[in-house]
Amino acid sequence: MSPMQIKSISLHAKYVSRGKNQSVAYNMSYAQGKTYTDKFYRKTFYGHNRNDLVHGELLLPEDAPAEYHNTQTFLDALNDSEKRKDALMAINYTLALPNELDEAERLNLARSFVQENFVKHGHPVSIAIHSGLASEHPKALKVQAATERLNNPHVHILVPLRIVGAHGFLSTKYQGRSMCQKKFLYQLRKNWADRQNQIFERHGIAVRMTAHSYKDRGISREPTPHLGPWVEQQEAAGIKTERGEQYRQVLAANRKNSRKIEAQLRHESELIMERENEREITFER
């Protein structure tokens with residue numbers, strides 16, 4: 001039996017807030033590579049063609065108005081539902097997708113996760129899956145030297161805080177505010193890990209995901225900081241940045257501790273395999 005590989009999931013959440021001059025239309029335009037207008041700001045965002053866009057769609061609850069299937073109409077309705085100039089509009093989640101699965105399986109994974117955690121509770125959701133290949137960045141940035149990432153498939157999940165009913169967005173955000181709590185975010189991380197593990201187990205893939213960070217797992221490996229498109233552009237142009245330097249320092253430290261990290265991961269893998277073997281024996285009985 002192949003040794004079990006244990007990985008921590010990557011899930012980042014950011015608010016989209018008018019109070020910080022942020023726009024849902026901009027976020028969807030960037031993620032999906034399409035042009036959308038923000039009715040509140042009276043500004044159009046031109047989504048440049050993304051060579052890395054694998055799939056994009058808007059998922060709606062069953063009783064959502066039919067006209068919401070037009071994304072611009074949906075965005076206009078969302079902006080109309082929020083009257084405050086400092087309104088908290090949505091939460092933008094970015095989740096790493098497993099390289100162990102093919103494109104179709106990754107899409108099914110993202111859809112099922114979104115349906116279970118958001119859509120069935122009344123939240124409309126925009127998803128955009130990116131292949132994450134450095135050579136396919138919309139600005140064709142050659143960032144491999146800075147990031148040492150060849151393949152980083154991921155999904156952008158944009159969730160408005162207001163839920164949708166048969167007559168449109170509801171007047172209250174009471175349910176949506178629970179998404180701002182740490183308890184919800186941890187449960188979301190656990191659900192994401194569990195859903196991937198179910199697929200890995202079904203396909204006999206010797207990988208298991210965990211919602212716990214490296215620190216929680218007692219592993220002396222530092223997570224690499226997120227660079228973002230502006231930093232990647234600067235680094236690709238040969239301009240050293242503070243964030244890029246932090247990234248390289250973390251990589252260097254992880255390389256230095258690689259043997260210790262490998263031993264910790266191996267020990268953790270052996271414990272997981274022991275538990276799974278015990279469960280198989282129990283099932284056989």
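The coordinates are above.
Given the structure is predicted, the values throughout are model-derived calculations rather than measurements.

Calculation criteria
Residues numbered from 1 in each chain as written. Predicted model: local features only at pLDDT ≥ 70, side-chain atom pairs only at ≥ 80, totals over all residues. Heavy atoms only, no water. Helix = DSSP H or I, 4+ residues; strand = E, 2+ residues; numbered from the N terminus. Buried < 20%, exposed > 50% of the residue type's maximum accessible area, 1.4 Å probe, protein only. Contact = heavy atoms within 4.5 Å. Areas by Shrake-Rupley, 256 points an atom, 1.4 Å probe, with all protein chains shown as cover. Core = buried A, V, L, I, M, F, W, Y, C linked by side-chain atoms within 4.5 Å. Pairing = 2+ DSSP bridges. Phe/Tyr/Trp six-rings, centres within 6.5 Å; stacked < 30°, edge-to-face > 60°. Axes fitted to C-alpha atoms, helices over the stretch in contact; angles between N-to-C directions. Polar contact = N/O pair within 3.5 Å; in protein donor to acceptor, adjacent residues only side chain to side chain. Salt bridge = Lys/Arg side-chain N within 4 Å of Asp/Glu carboxyl O. Lys, Arg positive; Asp, Glu negative; His and termini not counted.

## A short note on the overall build of the protein
- Looking only at helices and strands, one finds eight helices and 11 strands in the protein.
- Counting all 285 residues of the protein, 45% fall into the buried class.
- Sequence-distant contacts, at least 24 apart, represent 70% of the contacts inside the protein between residues at least 6 apart.
- For the protein, the accessible area works out to roughly 16500 Å², and carbon and sulfur atoms hold 49% of it.

## Section: the nonpolar core
- Formed by 31 residues in total, the largest nonpolar core has its most connected members in Tyr93 and Ile157.
- Dropping the residues within four chain positions of it, Tyr93 is found in contact with Leu11, His12, Ala13, Phe118, Val155, His156, Ile157, Val159, Met179, Phe184, Leu185 and Leu188.
- One finds Tyr36, Leu60, Phe74 and Ala90 within the second-largest nonpolar core, a separate group that totals 20 residues.

## A short note on the environment of Gly47
- Position of Gly47 among the secondary structure elements: in the loop between strand S4 (43-45) and strand S5 (53-59).
- Spatially, the C-alpha atoms of Gly47 and Gly33 are 4.2 Å apart, while their sequence positions differ by 14 residues.

## Digging into the environment of Gln5
- Among the structural elements, Gln5 can be located in strand S1 (residues 5-8).
- Separated by 204 residues in the primary sequence, Gln5 and Met209 place their C-alpha atoms 8.5 Å from one another.

## Here we look at the pairing of strand S8 (residues 154-160)
- Counting buried positions over the seven residues of S8 gives seven, a clear majority of the element.
- With burial as the criterion, each face of S8 is covered, one bearing His154, His156, Leu158 and Pro160 and the other bearing Val155, Ile157 and Val159.
- The pairing of strand S6 (residues 88-96) with S8 spans seven bridges and is antiparallel. Within the sheet, the bridge partner assigned to Ala96 lies in S8 and is His154.
- The pairing of strand S7 (residues 125-130) with S8 spans five bridges and is antiparallel. Along S8, the bridge assignment pairs Ile127 with Ile157.

## Observations regarding the packing of aromatic side chains
- Scanning the entire structure with this criterion turns up nine aromatic pairs.
- Taken together, Tyr26, Tyr30 and Phe45 form an aromatic cluster joined through their ring pairs.

## Notes on the sheet that holds S7
- Strand order in this open sheet of five strands is S2-S6-S8-S7-S5, and the pairing throughout is antiparallel. Both edges of this open sheet fall to strand S2 (11-17) and S5, since each of them pairs with a single strand only. In this sheet, adjacent strand axes meet at a mean angle of 15 degrees when their direction is disregarded.

## Let's talk about helix H1 (residues 24-32)
- For H1, a buried count of seven out of nine residues is recorded, marking the element as mostly surrounded by other parts of the structure.
- All of the buried residues in H1 are Val24, Ala25, Asn27, Met28, Ser29, Ala31 and Gln32.
- For H1, the capping residue at the N-terminal end is Ser23, with a side-chain oxygen 3.1 Å from the backbone nitrogen of Ala25.
- Where H1 ends, the next residue or the one after it, Gly33, has phi of about 70 degrees, a positive value.

## Section: the pattern of salt bridges
- Scanning the model with the defined rule gives eight salt bridges in all.
- Linking Glu82 and Arg162 is a salt bridge whose minimum nitrogen-to-oxygen distance equals 2.9 Å. Of the two residues, Glu82 is situated in the loop between helix H2 (71-81) and S6 and Arg162 in the loop between S8 and strand S9 (164-165); the sequence distance between them amounts to 80 residues. The burial state of Glu82 is the same as that of Arg162; both residues are buried.
- A salt bridge links Glu116 to Lys120; the shortest N-O distance between them is 2.8 Å.
- Exposure remark for Glu116: the relative accessible area of 36% places this residue in the partly exposed category.
- With relative accessibility at 53%, the residue Lys120 sits in the exposed group.

## Concerning the side chain of Asp38
- Within the element layout of this structure, Asp38 appears in strand S3 (residues 36-38).
- No salt bridge forms around the buried Asp38; measuring N to O, its nearest opposite-charge neighbour Arg18 is 5.9 Å away.
- Polar side-chain contacts of Asp38 include one of 2.9 Å to the backbone nitrogen of Tyr41.
- With residues up to four places along the chain from it excluded, the contact list for Asp38 reads Ser23, Val24, Ala25, Lys43, Phe45 and Asn79.

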